[in-house]
Amino acid sequence: MTIPRYLARRALLGAVQVLLVVAGVFALAEALPGDAAVTIAGDNPDPAVIAALRERLGLDQPAWQRLGEWLLAALRGDFGQSLVGPRAVVDIIAAAAGPTLLLAALTLALLVPLSIGLGVLSARREGGLLDRLVTGTTLGLYSAPEFAMGVLVVTVFAVQLRWFPPTAVGTSLLSDPAVLVLPVFVLLLRPICSLSRLIRAGMIDAQRSAYVHHVRRLGLSPARVRFAHALPNAAAPAVQQLARTTDWLVGGVIVVEAIFVVPGLGTTLTEAVAARDLPVIQGLAVVFATATVLVNLTADIAARVLAPAAEAGR
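How each quantity is defined
- Residues numbered from 1 in each chain as written.
- Predicted model: local features only at pLDDT ≥ 70, side-chain atom pairs only at ≥ 80, totals over all residues.
- Heavy atoms only, no water.
- 1 Å grid on protein atoms, 1.4 Å probe; cavity = no way out; pocket = protein on both sides within 12 Å on 5 of 7 lines; lining within 4 Å.
- Points joined across faces, edges and corners; volume = space filled by probe spheres on them.
- Helix = DSSP H or I, 4+ residues; strand = E, 2+ residues; numbered from the N terminus.
- Nonpolar A, V, L, I, M, F, W, Y, C, P; charged D, E, K, R; others polar.
- Polar contact = N/O pair within 3.5 Å; in protein donor to acceptor, adjacent residues only side chain to side chain.
- Expected span 1.5 Å × (residues − 1).
- Buried < 20%, exposed > 50% of the residue type's maximum accessible area, 1.4 Å probe, protein only.
- Arc of directions from axis to C-beta.

Novice: Can you tell me about empty space enclosed by the protein, naming the residues and giving the values?
Specialist: Evaluation of the coordinates by the stated rule reveals two cavities of 30 Å³ or more. What the largest cavity holds in volume is close to 50 Å³. Along its surface, the largest cavity is lined by Thr100, Leu103, Ala104, Leu187, Leu249, Val253, Val256 and Glu257. Those elements giving two or more residues to the lining of the largest cavity turn out to be helix H5 (89-124) and helix H11 (254-260). Tallied by class, the residues present in the lining of the largest cavity amount to six nonpolar, one polar and one charged. Of the pockets and cavities examined, the second largest cavity occupies roughly 30 Å³.

Novice: Requested: an account of the side chain of Ser82, with residues and values cited.
Specialist: As for its position among the elements, Ser82 is in the loop between helix H4 (63-75) and H5. There is a polar contact of 2.4 Å between the side chain of Ser82 and the side chain of Asp277.

Novice: I'd love a proper account of H4, names of residues and values included.
Specialist: A turn of α-helix holds 3.6 residues, and therefore any two residues three or four places apart point the same way. Compared with an ideal rise of 1.5 Å per residue, which puts 13 residues at 18 Å, H4 spans 19 Å between its outermost C-alpha atoms and is within 8% of the ideal. Among all positions of H4, only Arg66, Leu67, Trp70, Ala73 and Ala74 are buried. For H4, the angular spread of the buried residues around the axis is 130°, confining them to a single face. The exposed residues of H4 that point more than 90 degrees off its buried face are Trp64, Leu72 and Leu75. The positive-phi residue at the C-terminal boundary of H4 is Gly77, with phi of around 85°.

In short, the description is geometric, and any link to function would need to be established separately.
Written out as structure tokens, the structure is:
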């Protein structure tokens, strides 16, 4: 299948997936107890006040009608207004996207070279001390959840040693780069473990392949064989894992953002769910679903380019 046909097919499938995600999120939000009117009314709500709020917010309309109207507006780029504040959903998402994308970009910028370096070094010394050390360390770190690691690094590096700020409260991520160090460090731990192990396994398989043996017989230097011929084939499986990591980062890493009080997409989502702010939840669902489709499509194309022979054999 040619690349243009593949792109068109995946784009159509991605649009259907986004619609299904939005409909599923809408149904789940409808199933939650209470709604935005109850949240706005407070702890001791007056039924008359709740009824008036539901009418003003349009919550008294049938669910299918509200979903249909929202979808029609979303096709025009209008995600509506927040139910608990006088702000457009697009403005809320745009304000929260900056911190999340900054964390994601920094994490990916460090993740790719570090994972490749660790994977190549481990494969080059297969079974040696360095390989066993990297393998044992990555297995141990990968088994630790982000919440536990986040609390640990805050306790050690922020509270006890006071090297870095513990949270982003009262500061800007760009004006005080030290705020970014601990969140990025926690975000790196698990992905670097999985990616480096995939690179290591791919490098070992590639170096044992007939293709690489043939290239060696041509008299090329070991470094060129390793990086120009073995690494692209070894990296192809890791691209899919990198896509999942990117999707995880762009989706707003809720736990990490909560620990370090980063006002990103994950924090915005938790606040919207707590307030039953359905337009914000739906807008974030579109952003997350679209990001997932685009990231996975890019990963598939990259895998085809890196290892065309492997893709053709599927």
